[in-house]
Amino acid sequence: MGLFDAILGRSKPVRPDLDQLFAVPSAALTLQAATGFTPTGRGSVCFAGVEGGGFARLQEDVRELLDADTERGGIPVEFSRDAYGYTWLLATHPADDTAGLVNDLHAVNTMLQDGGFGPHLLCSLIGFRDAEGRALALVYLYKRGTFYPFAPLPGDAEKRDNQLELQVRGALGDDLRVEKDLSRWFPVWGAPGL
């Protein structure tokens, strides 16, 4: 960052640190002890779709890599599009294999980044549930290199459990790099894996 950037109040964007994802398995243990939420074994990556053969080939490479274990009982990945036109990749593992799920999500993010599509990556999320069936996601913001909790209230209304989100932030503050700017805690209504 140069002198003029400092004078004009511009800041350097945070570089993504995909290795932050590897902190999720231990954070999941903290989350379970503090709130009773356990991993569902489902997680997803969201990115802005790109037209063209290069991106289509990369998407097939991702599918091939993550579906390599389907002959041994692994669950195939699923691609979907949301109402906003974003593409979601859903990966599923046994609920007690958070490390395997994180490895898959990290691999997808890395392949897209290394393929030149890093600017199209939006977020990754890992799903959790409690004994009452309430949903919670830990959302990783690719462009910020931070996490935030997203807790939709049960039912069809798009409302959040802000108290739970703040409780999770407090519980995981030592385990994950939690996004400090609450205005960046975007809702991910209907996200696969939630």
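The following paragraphs examine the structure supplied in this document. Quantities reported herein were computed from a predicted structural model and do not represent experimental measurements. (Residues numbered from 1 in each chain as written. Predicted model: local features only at pLDDT ≥ 70, side-chain atom pairs only at ≥ 80, totals over all residues. Heavy atoms only, no water.)

**Considerations on the nonpolar core**
- Grouped together as the largest cluster of nonpolar side chains are 50 residues, with contacts concentrated most on Leu89, Leu112, Phe128, Val139, Leu176 and Val188.
- In terms of residue count, the dominant contributor to this core is strand E5 (residues 135-141) (seven residues).
- Excluding residues that lie within four positions of it along the chain, Leu112 makes contacts with Phe47, Phe55, Leu58, Phe117, Gly118 and Leu121. (Core = buried A, V, L, I, M, F, W, Y, C linked by side-chain atoms within 4.5 Å. Buried < 20%, exposed > 50% of the residue type's maximum accessible area, 1.4 Å probe, protein only. Helix = DSSP H or I, 4+ residues; strand = E, 2+ residues; numbered from the N terminus. Contact = heavy atoms within 4.5 Å.)

**Describing the environment of Asp67**
- Residue position: Asp67 is located in the loop between helix H3 (53-66) and strand E2 (78-81).
- Linking Asp67 and Glu78, residues eleven residues apart in sequence, is a C-alpha distance of 9.9 Å.
- Among all residues touching Asp67, those that are not within four sequence positions of it are Ile75, Pro76 and Val77.

**A closer look at the pattern of salt bridges**
- Using the criterion set out here, one finds six salt bridges in the structure.
- Asp130 is paired through a salt bridge with Arg134; the nearest N and O atoms lie 2.7 Å apart.
- Under the relative-accessibility criterion, Asp130 is labelled buried at 11%.
- Looking at Arg134, the relative accessible area reads 24%, which means it is partly exposed.
- The salt bridge involving Arg134 is made with Glu132; its shortest N-O contact spans 3.7 Å.
- One salt-bridge network, in which partners are shared between bridges, spans Asp130, Glu132, Arg134 and Asp161. (Salt bridge = Lys/Arg side-chain N within 4 Å of Asp/Glu carboxyl O.)

Distances and angles like these do not, on their own, reveal function.
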